[in-house]
Amino acid sequence: MSTQRSSIRMAAVMRRVVCIFMWLSVCQVSGAFIPNELNRTLQNLMQHYKISNQDFFNQKPVFPREPLKGNAELKMVYMYGVLEEYEKLLGHMLKQLPTPSPQLATSGTRTASLSSSDEIRSNLMKVLSKMQELKRNNYKEQAALLEQLRKLEDIEVGNFKVQSKALSELTWIYEEASSLADDKRRRRRRRRQTRIRLHQQA
Ligand SMILES: *[C@@H]1O[C@H](CO)[C@@H](O)[C@H](O)[C@H]1NC(C)=O
């Protein structure tokens, strides 16, 4: 009897320990993806890319976060677009740096300014390669999808042959588009019903 009671108490303690571990790992996950070195590199770069506080805290982020309120798939497509844009942005920043000219590096002041722009360049390149790595390793499907979307833009909507073929494909597309919308509606209804049922059970 007492061994049973102590094993119950043991189980309760174990459960609490597991809970604490889970809580700790959740805490660690939130905001712990960025490697320390990348964070340091960014802090360093931000020393050089300084703007006024008024401009900095204007409540208008460069990359709006509204699209990140959707479902996970949509969020990832949006994030892929953002990662692509960062690649472009960092590329521009690299191009805007003064080109290193070794002949002029002899005078003292020159050397100082060159070494600082060299440092910026190397830091920008580090950040760029990290962003590219993240994109390459995790966003393959989104890359393919966006490429397909961009190809749609190339369709020659003024071409008679294209118009004819597009009309013949329309019934299939119409069915497919409607069916996708219907699936989504049904999934949403099912989720709502499950929620209501859980609520009633509680
Ligand atoms: C990045 O570095 C800054 C400044 O050292 C620090 O305050 C911040 O917590 C760091 N962020 C992460 C996610 O490590």
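Note that the coordinates shown come from a computational prediction; the quantities given were computed from them, not determined experimentally.

**So, helix 7 (residues 160-201)**
Here is step 1: Between the first and last C-alpha of helix 7 there are 61 Å, a value that for 42 residues agrees with the 62 Å anticipated at 1.5 Å per step.
Here is step 2: Maximum bend of helix 7: about 45°, positioned at L170.
Here is step 3: Across the 42 residues of helix 7, 0 count as buried, placing the element largely on the outside.

**Thoughts on the environment of V127**
Here is step 1: Of note, V127 is situated in helix 5 (residues 108-138).
Here is step 2: A C-alpha to C-alpha distance of 9.7 Å links V127 and L45, two positions 82 residues apart in sequence.
Here is step 3: Apart from the residues lying within four places of it in its own chain, the contact partners of V127 are L38, T41, L42 and L90.

**Focus: the packing of helix 4 (residues 72-96) against helix 6 (residues 140-152)**
Helix-helix packing is described using two parameters, namely the angle between the two axes and the distance between the axes.
Here is step 1: At a minimum axis separation of 9 Å, helix 4 and helix 6 run at an interaxial angle of 80°. With respect to each other, helix 4 and helix 6 are oriented roughly perpendicular. Contact residues: M76, V77, Y80 and G81 in helix 4; Q142, A143, L145 and L146 in helix 6.

Reading guide: rules and limits
Residues numbered from 1 in each chain as written. Predicted model: local features only at pLDDT ≥ 70, side-chain atom pairs only at ≥ 80, totals over all residues. Helix = DSSP H or I, 4+ residues; strand = E, 2+ residues; numbered from the N terminus. Expected span 1.5 Å × (residues − 1). Bend = angle between axes of the 7 residues up to and from the residue. Buried ≥ 20, exposed ≤ 12 C-beta atoms within 10 Å, placed from the backbone. Contact = placed C-beta atoms within 7 Å. Axes fitted to C-alpha atoms, helices over the stretch in contact; angles between N-to-C directions. Parallel < 35°, antiparallel > 145°, perpendicular 65-115°, else oblique.

By themselves these figures say nothing about function.
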